[in-house]
Structure formats: C-alpha cells, structure tokens
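Here is how the chains run, residue by residue.
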Amino acid sequence: MKETEIRKYAGLMKELGLTGLEITVENRKIRLERSVPASITETVYSVPESDGSAPAASAPMAPMDYISVKSPIVGVFYAAPAENADPYVSIGDNVAKGQTLCVVEAMKLMNEIAAEEDGVISEICVANGQVVEYGTELFRIRR
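We now turn to the structure provided with this report. All of these numbers come straight from a predicted model, not from anything done at the bench. Residue numbering note: each chain is counted from 1, following its sequence as written. Side-chain atom pairs in this predicted model are given and counted only at pLDDT of 80 or more, local residue features only at pLDDT of at least 70, and totals for whole chains, interfaces and linings cover all residues. Note: side-chain values were computed over all heavy atoms of the structure, leaving out hydrogens and water.

### So, a nonpolar patch on the surface
Line of reasoning, step 1. On the surface, Met1, Ile6 and Val25 cluster together into a nonpolar patch covering about 200 Å² of accessible area.
Line of reasoning, step 2. Each helix corresponds to a stretch of at least 4 residues labelled H or I by DSSP, and each strand to a stretch of at least 2 residues labelled E; elements are numbered beginning at the N terminus. Note on placement: Met1 falls in the segment before helix 1 (3-16). Patch definition: residues with relative accessible area over 30% and no salt bridge; like charges joined within 9 Å; nonpolar side chains (Val, Leu, Ile, Met, Phe, Trp, Tyr) joined within 5 Å. For the accessible areas, the method is Shrake-Rupley and the probe is 1.4 Å, while residue cover comes only from the protein chains on display. Put simply, a salt bridge is a Lys or Arg side-chain nitrogen that is within 4 Å of an Asp or Glu carboxyl oxygen.

### Notes on the pattern of salt bridges
Line of reasoning, step 1. Summed over all chains, the structure comprises two salt bridges.
Line of reasoning, step 2. The residue Glu123 makes a salt bridge to Arg140 at a minimum N-O spacing of 3.6 Å. Placement of Glu123 in strand 9 (residues 119-124) and of Arg140 in strand 11 (residues 137-142) is noted, with a sequence separation of 17 residues between them.
Line of reasoning, step 3. The classification of residues rests on relative accessible area computed with a 1.4 Å probe and restricted to protein chains. Under 20% of the type maximum is buried, over 50% is exposed, and intermediate values are partly exposed. For Arg140, a relative accessible area of 18% translates into the label buried.
Line of reasoning, step 4. For Arg140, the salt bridge is made with Glu137, and the minimal N-O distance between the two is 3.0 Å. Each of the two residues, Arg140 as well as Glu137, counts as buried.
Line of reasoning, step 5. Salt bridges here are not isolated pairs; linked through shared partners, they connect Glu123, Glu137 and Arg140.

Laid out in structure tokens, this is it:
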C-alpha cells in the first residue's frame, strides 16, 4: 500500500473519530491505530433522586446500584429513530428487558441496542450523534 493511501485512511480515521482501522488488500492486512487526545471527554447527564422537599446532593452510584449498558460495536450513537422524533428513552423512564434504548449506526446499518434487564434510566452517558467505541458506556439503568 502506498503512503498516500495510508495518509488518506489516517485522515478518514481522524474525521470519523476512529481509534483503529484494519484494511485487507490482496491478502495483506494493514492495521492503523491512533490515540485519542486527552481533551476529549464524555458528557454524562444524570438526575439526582429527591423526595421533593429539598434538592438532593448528587452522589456517585455504587457499582451494584445500576446496570451499565455498553456499546457492542463502534459507530454513531442515536437516541431517537429519526432526526425529529422523540428519543427512545429519557432519564427517569422505566424500561423492560428487550426494550430498545438507542441505535448505533455502523457502516450504514442501524443496530438497535436493547435493555438487558428491567429498571429505570438513571444516566445517559453519551450525546446524540457522538461516535462511540466498543465498550463505551451508553446508559446506566437503576435496578
């Protein structure tokens, strides 16, 4: 593979926010990897629980208090089925096992991500349209 082609793929990786790409050309595999700058951070939205009398202090959830829903693939996170549609779920929504939570688009295929257990959406960990990696936490569901 020529250097110009490698640079083209490296530019594409940067544009799409990918950290790895494997290309097979004529029985030869080429793997490109890049590190993500430390300035990229995830936005986490959460709603603290309250009895209504006074604002509650937001405390980190203990690991056993929630189910972490992670992306099974690299792609683009979409919270709704269409651009102007309501999101599949919002913070505070009750969800049932098997209910669609979002879509992750990978190579023009829309992959529905479903709840693995019943619970309540307590956090949405990524923004709509954000590129996610394999294993990126998408949601936290309180049991």
